[in-house]
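Descriptive structure summary
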Amino acid sequence: MLFHIAHSSDWSNAKATGSYTVGSLETEGFVHLSTRDQFMATAGRYYTGVADLCLLEIDEAILDAEVLRFEASTNAELFPHYYAPVPLEAVVRVHTFPCRSDGGFDLPSTID
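A brief report on the enclosed structure follows. (Residues numbered from 1 in each chain as written. Predicted model: local features only at pLDDT ≥ 70, side-chain atom pairs only at ≥ 80, totals over all residues. Heavy atoms only, no water.)

1. With respect to the nonpolar core
One broad trend across soluble globular proteins is that nonpolar side chains are buried collectively. Formed by 19 residues in total, the largest nonpolar core has its most connected members in Tyr20, Leu33, Leu56, Ile58, Leu63, Tyr82 and Val86. Listed by contribution, the elements that provide at least two residues to this core are β1 (2-7), α1 (8-17) and β5 (53-58). In terms of residues, this core owes the most to one element, β5, which gives 3 residues. Ignoring anything within four residues of it in the chain, the contact list for Val86 reads Ser19, Tyr20, Val31, Ile58, Leu63 and Val91. Counting residues in hydrophobic clusters, the runner-up holds 10 residues, among them Phe3, Phe39, Leu55 and Phe97. (Core = buried A, V, L, I, M, F, W, Y, C linked by side-chain atoms within 4.5 Å. Buried < 20%, exposed > 50% of the residue type's maximum accessible area, 1.4 Å probe, protein only. Helix = DSSP H or I, 4+ residues; strand = E, 2+ residues; numbered from the N terminus. Contact = heavy atoms within 4.5 Å.)

2. Section: the packing of aromatic side chains
Applying the stated criterion across every chain, the model contains 4 aromatic pairs. A centroid spacing of 4.8 Å and a plane angle of 40° characterise the contact between Phe3 and Phe39, whose relative ring orientation is tilted. Of this pair, Phe3 sits in strand β1 while Phe39 sits in helix α3 (residues 39-46), and the two are 36 residues apart along the sequence. As far as the burial class goes, Phe3 and Phe39 line up, both buried. Taken together, the aromatic side chains of Phe3, Phe39, Phe97 and Phe105 make up a single cluster linked through ring pairs. Over the face of the ring belonging to Tyr83 we find Arg69, whose NZ or CZ atom lies 4.2 Å from the ring centre. (Phe/Tyr/Trp six-rings, centres within 6.5 Å; stacked < 30°, edge-to-face > 60°. Lys NZ or Arg CZ within 6 Å of the ring centre and 35° of its normal.)

3. Things to note about the environment of Ala61
Assignment of secondary structure puts Ala61 in the loop between β5 and β6 (68-72). Taking the C-alpha atoms as reference points, Ala61 and Met1, 60 residues apart in sequence, are found 8.4 Å from one another.

4. A word on the layout of surface pockets
The method is simple in principle: a probe with the dimensions of a water molecule rolls over the atoms, and the space it marks as empty is what remains. Looking at the largest pocket, its volume works out to about 400 Å³. His32, Leu33, Thr42, Tyr46 and Tyr47 are, among the 21 residues lining the largest pocket, the residues nearest its centre. A per-class count over the lining of the largest pocket returns 11 nonpolar, 8 polar and 2 charged. (1 Å grid on protein atoms, 1.4 Å probe; cavity = no way out; pocket = protein on both sides within 12 Å on 5 of 7 lines; lining within 4 Å. Points joined across faces, edges and corners; volume = space filled by probe spheres on them. Nonpolar A, V, L, I, M, F, W, Y, C, P; charged D, E, K, R; others polar.)

5. Some points on the side chain of Thr42
Along the chain, Thr42 falls in helix α3. Classification of Thr42 as buried rests on a relative accessible area of 11%. Looking at Thr42, its side chain comes within polar contact range of the side chain of Ser34, at 3.4 Å. (Polar contact = N/O pair within 3.5 Å; in protein donor to acceptor, adjacent residues only side chain to side chain.)

6. A few points about a nonpolar patch on the surface
Together, Met1, Ile62 and Val92 line one region of the surface with nonpolar side chains, adding up to about 250 Å² of accessible area. Looking at the secondary structure, you find Met1 in the segment before β1. (Patch = residues over 30% accessible without salt bridge, like charges linked within 9 Å, V, L, I, M, F, W, Y side chains within 5 Å. Areas by Shrake-Rupley, 256 points an atom, 1.4 Å probe, with all protein chains shown as cover. Salt bridge = Lys/Arg side-chain N within 4 Å of Asp/Glu carboxyl O.)

7. As for the pairing of β5
Burial of β5 is extensive: 6 of the 6 residues sit out of reach of the surface. Looking at chain direction, β1 and β5 are connected through 6 bridges and run antiparallel. Opposite Ala6, over in β5, you have Cys54 as the bridge partner. Note: β5 against strand β9 (residues 91-96), 5 bridges, orientation antiparallel. Along β9, the bridge assignment pairs Glu57 with Arg93. (Pairing = 2+ DSSP bridges.)

Given below as structure tokens:
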């Protein structure tokens, strides 16, 4: 499984339009994803204090393998990037992902 931290409004828009897209698809050419071991650190780096988030759990097997690439980030860690809108059928679960009062995050209890 792969994960994507989403603003709840972006997820609502995806349900209305039939696929998930985000600004980075236009500006960088891909949707940022994370592995199970990466998303908590990503939340801490880029989303501290951000409210109204959800965590999309995405079945990698449903994604088009031709546009999914694992690429080095600034710290040389390989992150999954999806070079197309994410199809809704690939999103198998949506987890609430609220920030704590100190701005940090806890692992959702619904994650296996």
